[in-house]
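Structural features, examined
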Amino acid sequence: MTDQVWVAVISTLGSIIVAYITASANSRKADKKDDISELEELRKENAKLRSKLKNKGNKKNEHK
């Protein structure tokens, strides 16, 4: 093969490797963001449920 063909093959392989690495990194970032947003939602729900429990406890004490 000629030198130009080798350069084209190596360049193509390099481009594929860079694209794969970039896609993998972006996928990891997206997964982390999903985990963080899910954690925030759970914290909000937890706070709501705690306040409901606290309110129920206060209402029971008022009736005594």
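Heads up: the structure comes first, above all this text.
In this report, we go over the structure that sits alongside the text. Since this is a predicted model, take the numbers as computed values, not measurements.

1. Some details on the overall build of the chain
When helices and strands are counted, the chain shows 1 helix and 0 strands. Its C-alpha radius of gyration of 28 Å places the chain more than 25% over the 11 Å reference for a compact globule of 64 residues. By principal-axis analysis of the C-alpha atoms, the chain measures approximately 95 × 10 × 5 Å. Within the chain, buried positions represent 2% of all 64 residues.

2. Observations regarding the environment of D3
Mapped onto the secondary structure, D3 falls in helix 1 (residues 3-63). Overall, the relative accessible area of 64% leaves D3 in the exposed class. Through-space distance from the C-alpha of D3 to that of K32 is 44 Å; in sequence the pair is 29 residues apart.

3. Description of a positive patch on the surface
A cluster of like positive charges, contributed by K44, K48, K52, K56 and K59, occupies part of the molecular surface. Mapped onto the fold, K56 is located in helix 1.

4. Examining a nonpolar patch on the surface
A cluster of nonpolar side chains, contributed by M1, V5, W6, V9, I10, L13 and I16, occupies part of the molecular surface with about 720 Å² of accessible area. The residue I16 is located in helix 1 in this model.

Rules behind the numbers
Residues numbered from 1 in each chain as written. Predicted model: local features only at pLDDT ≥ 70, side-chain atom pairs only at ≥ 80, totals over all residues. Heavy atoms only, no water. Helix = DSSP H or I, 4+ residues; strand = E, 2+ residues; numbered from the N terminus. Rg over C-alpha atoms; globule rule 2.2 N^0.38 Å. Buried < 20%, exposed > 50% of the residue type's maximum accessible area, 1.4 Å probe, protein only. Patch = residues over 30% accessible without salt bridge, like charges linked within 9 Å, V, L, I, M, F, W, Y side chains within 5 Å. Areas by Shrake-Rupley, 256 points an atom, 1.4 Å probe, with all protein chains shown as cover. Salt bridge = Lys/Arg side-chain N within 4 Å of Asp/Glu carboxyl O. Lys, Arg positive; Asp, Glu negative; His and termini not counted. Charge placed at Lys NZ, Arg CZ, Asp CG, Glu CD.

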